[in-house]
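Residues per chain are reported as follows:
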Amino acid sequence: MTRELGPDLARDERSVVTTGTFDGVHLGHRAIVAYLVARAREIGGVPTVVTFSPHPREVITGQPVPLLTTLDERADALEALGVERFVVLPFSRALSQLEPEAYVEDVLIGQVGMREIVVGYDHRFGRGRMGDRATLDRIGAQRGFSVDVIPEQIYGAGEGVAGDGPAQGVTISSSEIRRRLLEAGDAAGAAQLLGRPYRITGPVVKGDQRGRTIGFPTANVQPSNPAKLVPKTGVYAVRVTHRGGAAVGMMNVGVRPTFETDGRRTVEVHLFDFDGDLYGQTLTVDVVARLRDERKFDGIGGLVAQLREDEGQARAALAG
């Protein structure tokens with residue numbers, strides 16, 4: 001897959017395009033991409049994803065948006081689905097103020113090249129999000145490209161989603177996944193909407209090594225991108241890939257209140273049945289299930305007893 005960063009793009013008129021942030025590459029995104037790839041193969045086109053960095057909402061509102069996937073994670077996931085061209089447009093206020101027609105004409109046709117476009121049912125674009133499917137149909141009729149629209153993707157209609165999901169299913173969206181992870185730490189529900197466990201990747205950095213003294217050594221994982229979403233404070237069951245292979249364990253996200261610390265939030269992972277040095281390695285942590293809230297214990301004995309109980313619950317959750 002080619003990876004291109006605008007504005008210097010290698011225009012390709014064969015491109016079958018979809019455009020959007022695609023943060024998470026969740027099941028809704030995958031439905032769009034599956035059609036995109038199949039359609040491109042059918043007509044001899046190049047399946048192309050046009051995305052943005054930074055997140056458009058961050059530029060427009062001035063507020064940071066926690067990312068479900070970094071650009072590299074997004075590119076890797078899309079390549080695995082068959083995308084052949086990954087175009088990143090630097091998102092700016094100037095780009096956000098382009099009229100919908102100018103965005104299609106100058107960017108998608110003029111810079112990227114576009115033979116056909118595939119969009120989700122609610123796709124909006126251009127200044128004030130005024131562009132929609134009707135806009136694309138009108139321009140397509142004039143410029144000779146076709147428009148394919150993928151319907152709303154609803155998970156588990158009539159069944160709901162694990163965790164705090166509604167009884168009649170939920171529309172799959174990046175915002176809903178962020179809400180589940182940030183507000184409830186609902187790792188299981190997020191995984192269902194993503195189609196895979198939520199993942200955090202980062203190097204192991206030096207910590208205070210207190211865990212080693214109580215029989216639960218931990219690896220202090222620093223997310224590789226500071227914008228990466230870290231789930232709600234608490235204890236989680238996790239699967240971990242490291243240089244030596246794979247392991248299961250549990251993760252604590254929080255401030256370790258039993259020890260008087262500086263209040264910094266950390267991500268600490270304890271691997272079961274593992275004895276080795278992880279410092280300097282990059283760990284890939286798949287968050288499988290939330291076990292409990294983080295809380296302060298009166299002493300080390302109470303903490304250790306709880307950690308042993310957590311380990312039993314984590315092993316059970318990971319055995320399923």
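The sections below set out a description of the structure shown in this document.

**Thoughts on the packing of helix H5 (residues 100-112) against helix H6 (residues 133-143)**
Packing of H5 against H6 brings their axes to within 10 Å, and their N-to-C directions diverge by 50 degrees. Classified by the interaxial angle, the pair formed by H5 and H6 is oblique. Along this stretch, H5 crosses H6, giving a crossing that reads as right-handed. Residues Pro 100, Glu 101, Val 104, Glu 105 and Ile 109 of H5 pack against Thr 135, Leu 136, Arg 138, Ile 139 and Arg 143 of H6. Here the contact of H5 with H6 is built from residues that sort into 5 nonpolar, 1 polar and 4 charged.

**Considerations on helix H8 (residues 187-194)**
Within H8, 6 of the 8 residues are buried, leaving the element largely enclosed by the surrounding structure. Within H8 the residues assigned to the buried category are Ala 187, Gly 189, Ala 190, Ala 191, Leu 193 and Leu 194. Phi turns positive, to about 85 degrees, at Gly 195, one or two residues after H8.

**Topic: the packing of aromatic side chains**
A complete count under the given rule lists 2 aromatic pairs for this structure. Geometrically, the ring pair formed by Phe 52 and Phe 91 is edge-to-face, given 5.6 Å between the ring centres and 80 degrees between the ring planes. With Phe 52 in strand E3 (residues 46-53) and Phe 91 in the loop between strand E4 (85-90) and helix H4 (93-96), this pair connects stretches of sequence that are 39 residues apart. Residue classification places Phe 52 among the buried residues on the basis of a relative accessible area of 10%. Measuring from centroid to centroid gives 6.0 Å for Tyr 103 and Phe 125, while their planes differ by 45 degrees, and the two rings are tilted.

**Looking at the sheet that holds strand E10 (residues 219-221)**
As a general point, the strands of a sheet are linked pairwise by backbone hydrogen bonds and lie either parallel or antiparallel. Read around the closed barrel, 6 strands run E9-E10-E13-E12-E11-E14, paired in antiparallel fashion. Adjacent strand axes in the sheet meet at a mean angle of 45 degrees when their direction is disregarded. In terms of strand pairing, strand E11 (residues 234-242) meets strand E12 (residues 245-254) through 9 bridges, oriented antiparallel. Note that in E12 the partner of Val 235 across the bridge is Asn 252. The strands that helix H10 (residues 300-319) touches are E11, E12 and strand E14 (282-292); relative to E14, the one it contacts most, it runs at about 100 degrees.

**Focus: the environment of Asp 72**
Locating Asp 72 in the fold gives a position in helix H3 (residues 71-80). Separated by 69 residues in the primary sequence, Asp 72 and Arg 3 have C-alpha atoms spaced 9.9 Å apart.

**Looking at the environment of Thr 135**
Relative to the elements of secondary structure, Thr 135 occurs in helix H6. In this structure Thr 135 comes out as buried when scored by relative accessible area, which is 6%. C-alpha separation for the pair Thr 135 and Met 251, spaced 116 residues apart in sequence, amounts to 47 Å. Filtering out sequence-adjacent residues up to four positions away, Thr 135 remains in contact with Pro 100, Glu 101, Phe 125 and Met 130.

**What about the sheet that holds strand E6 (residues 146-150)?**
Spatially, 6 strands are ordered E1-E4-E3-E2-E5-E6 in an open sheet, and the strand pairing comes out parallel. Two strands in the sheet have a free side with no partner beyond their single neighbour: strand E1 (2-5) and E6. Averaged over all pairs of adjacent strands, the angle between their axes in this sheet comes to 25 degrees, without regard to strand direction. Examined bridge by bridge, strand E2 (residues 15-19) and strand E5 (residues 116-120) share 2 bridges and lie parallel to one another. Each residue of the ladder has a partner; that of Val 17, found in E5, is Ile 117. With respect to the sheet, H6 is in contact with E5 and E6, its orientation differing from that of E6 by roughly 160 degrees.

The rules behind these values
- Residues numbered from 1 in each chain as written.
- Predicted model: local features only at pLDDT ≥ 70, side-chain atom pairs only at ≥ 80, totals over all residues.
- Heavy atoms only, no water.
- Axes fitted to C-alpha atoms, helices over the stretch in contact; angles between N-to-C directions.
- Helix = DSSP H or I, 4+ residues; strand = E, 2+ residues; numbered from the N terminus.
- Parallel < 35°, antiparallel > 145°, perpendicular 65-115°, else oblique.
- Left-handed = near helix turned anticlockwise from the far one by under 90°.
- Contact = heavy atoms within 4.5 Å.
- Nonpolar A, V, L, I, M, F, W, Y, C, P; charged D, E, K, R; others polar.
- Buried < 20%, exposed > 50% of the residue type's maximum accessible area, 1.4 Å probe, protein only.
- Phe/Tyr/Trp six-rings, centres within 6.5 Å; stacked < 30°, edge-to-face > 60°.
- Pairing = 2+ DSSP bridges.

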